[in-house]
Amino acid sequence: GENVEQHPSTLSVQEGDSAVIKCTYSDSASNYFPWYKQELGKRPQLIIDIRSNVGEKKDQRIAVTLNKTAKHFSLHITETQPEDSAVYFCAASKGNNRLAFGKGNQVVVIP
Amino acid sequence: DAEITQSPRHKITETGRQVTLACHQTWNHNNMFWYRQDLGHGLRLIHYSYGVQDTNKGEVSDGYSVSRSNTEDLPLTLESAASSQTSVYFCASSSGRGETQYFGPGTRLLVL
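This structure is a prediction, so every number in the text was calculated from the model and none was measured. (Residues numbered from 1 in each chain as written. Chains lettered and ligands numbered in written order. Predicted model: local features only at pLDDT ≥ 70, side-chain atom pairs only at ≥ 80, totals over all residues. Heavy atoms only, no water.)

With that out of the way, let us pick up the interface of chain B and chain A. Each side of the interface is counted separately: chain B has 23 residues, and chain A has 21 residues. Of the roughly 1700 Å² buried where chain B meets chain A, counting both sides, 48% is carbon and sulfur surface. Three residues, L43(B), E99(B) and F103(B), lead the burial of chain B against chain A; their summed loss comes to 36% of the area buried on that side. Summed over the shared surface of chain B and chain A, the number is zero salt bridges. At the boundary of chain B with chain A, the tally comes to seven residue pairs in polar contact (both at pLDDT 80 or more). Elements with a minimum of two residues in the side of chain B that touches chain A: β4 (31-38) and β5 (42-51) of chain B. At five residues, β5(B) tops the list of elements feeding residues into the side of chain B that touches chain A. Here the side of chain B that touches chain A is composed, by residue class, of 10 nonpolar, 11 polar and two charged. (Contact = heavy atoms within 4.5 Å. Buried area = accessible area lost by both parts, 1.4 Å probe. Salt bridge = Lys/Arg side-chain N within 4 Å of Asp/Glu carboxyl O. Polar contact = N/O pair within 3.5 Å; in protein donor to acceptor, adjacent residues only side chain to side chain. Helix = DSSP H or I, 4+ residues; strand = E, 2+ residues; numbered from the N terminus. Nonpolar A, V, L, I, M, F, W, Y, C, P; charged D, E, K, R; others polar.)

In structure tokens form, the structure reads like this:
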């Protein structure tokens, strides 16, 4: 089955700096790549997603880029704020409505 | 507003007991999923359903079962609870055509 890996496992950034989290996937048939944010004690919530026919997607301070050849996609957060501190999960799907999740990245924004 | 709910939100049980966790969604989504979340393991799929009377095993299905008798509900049953099943359980749903999954608030289960 699909294997999704996230790096780094923990990322600390100064407030105002940018954060980048990278995910790799194994199945070249995967075509949908969402990112979820999970705050402590809360449910995972979708923050952005991208499909394989698009190379980049942006929504205000967050963006996702996809490299199908290398089978990796990245989450970019610019001008980080304390409320960006959370665990971020990437996932991949090949159109069967199932998601394979990575193990998550802890992002800590230092004020 | 449409939503997805889980109950109970917290549960303490004893080893060997049968436990059922409820999941209810009002989006009329065909697809429903159960995950468990443990530190260091992320979200692991337990069971999923693509519609009424359809159920499928995920990657960590041993010791769990589900049934889908209507569109709104997918209860998760632990047949004989084990300490290894102490975890946070999330239910999620998605529409038949889209793949965005929306998560419930979670159930924190402690098996003593």
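So, on to the pairing of strand β11 (residues 107-111) of chain B. Residue and element names in this part refer to chain B. With burial as the criterion, only one face of β11 is covered, namely that bearing T107, L109 and V111; the residues R108 and L110 on the opposite face remain uncovered. Inspection of the sheet shows strand β2 (residues 10-13) paired to β11 by four bridges, in the parallel sense. The residue of β11 that forms the bridge with H10 is R108. With three bridges connecting them, strand β9 (residues 87-94) and β11 associate as antiparallel partners. Note that in β11 the partner of V88 across the bridge is R108. (Buried < 20%, exposed > 50% of the residue type's maximum accessible area, 1.4 Å probe, protein only. Pairing = 2+ DSSP bridges.)

Before going further, it helps to spend a moment on the layout of surface pockets. Space inside the largest pocket adds up to approximately 660 Å³. If you go around the largest pocket, you meet 28 residues; those closest to its centre are Q38(A), L40(A), V87(A), Q37(B) and L39(B). When residues of the lining of the largest pocket are traced back to their parent elements, those giving at least two are β9 (86-92) and β11 (105-110) of chain A together with β4, β9 and β11 of chain B. The element best represented in the lining of the largest pocket is β9(A), accounting for three residues. Each pocket or cavity is described by its volume, and for the second largest pocket that value is around 540 Å³. Contributions of two or more residues to the lining of the second largest pocket are made by β1 (4-7) and β10 (100-101) of chain A together with β5 of chain B. (1 Å grid on protein atoms, 1.4 Å probe; cavity = no way out; pocket = protein on both sides within 12 Å on 5 of 7 lines; lining within 4 Å. Points joined across faces, edges and corners; volume = space filled by probe spheres on them.)

Strand-to-strand pairing in sheets goes through backbone hydrogen bonds, with the strands running parallel or antiparallel. Residue and element names in this part refer to chain A. Strand order across the open sheet formed by five strands is β1-β3-β8-β7-β6, with antiparallel pairing between neighbours. Edge positions in the sheet fall to β1 and β6 (56-59), since each of these pairs with one other strand and no more. Each adjacent strand pair in this sheet contributes to an overall mean axis angle of 15°, direction not counted. Relative to strand β3 (residues 19-25), β1 runs antiparallel, the two sharing four bridges. Each residue of the ladder has a partner; that of E5, found in β3, is T24. (Axes fitted to C-alpha atoms, helices over the stretch in contact; angles between N-to-C directions.)

Time to look at the packing of aromatic side chains. Between two aromatic rings, the relevant description is the distance of the centres plus the angle of the planes. All names here are of chain B. A complete count under the given rule lists 15 aromatic pairs over all chains for this structure. Centre to centre, the rings of F33 and Y48 are 6.3 Å apart; their planes meet at 20°, and the pair counts as stacked. Within this pair, whereas F33 is found in strand β4, its partner Y48 is found in strand β5, the two being separated by 15 residues in sequence. Judged by relative accessible area, which is 8%, Y48 ranks as buried. Look at F90 and F103: their rings are 6.2 Å apart centre to centre, the planes differ by 85°, and that puts the pair in the edge-to-face class. Taken together, the positions of F90 in strand β9 and F103 in strand β10 (residues 102-103) put the pair 13 residues apart, joining distant regions of the chain. According to the relative accessible area criterion, F103 is buried, its value standing at 3%. (Phe/Tyr/Trp six-rings, centres within 6.5 Å; stacked < 30°, edge-to-face > 60°.)

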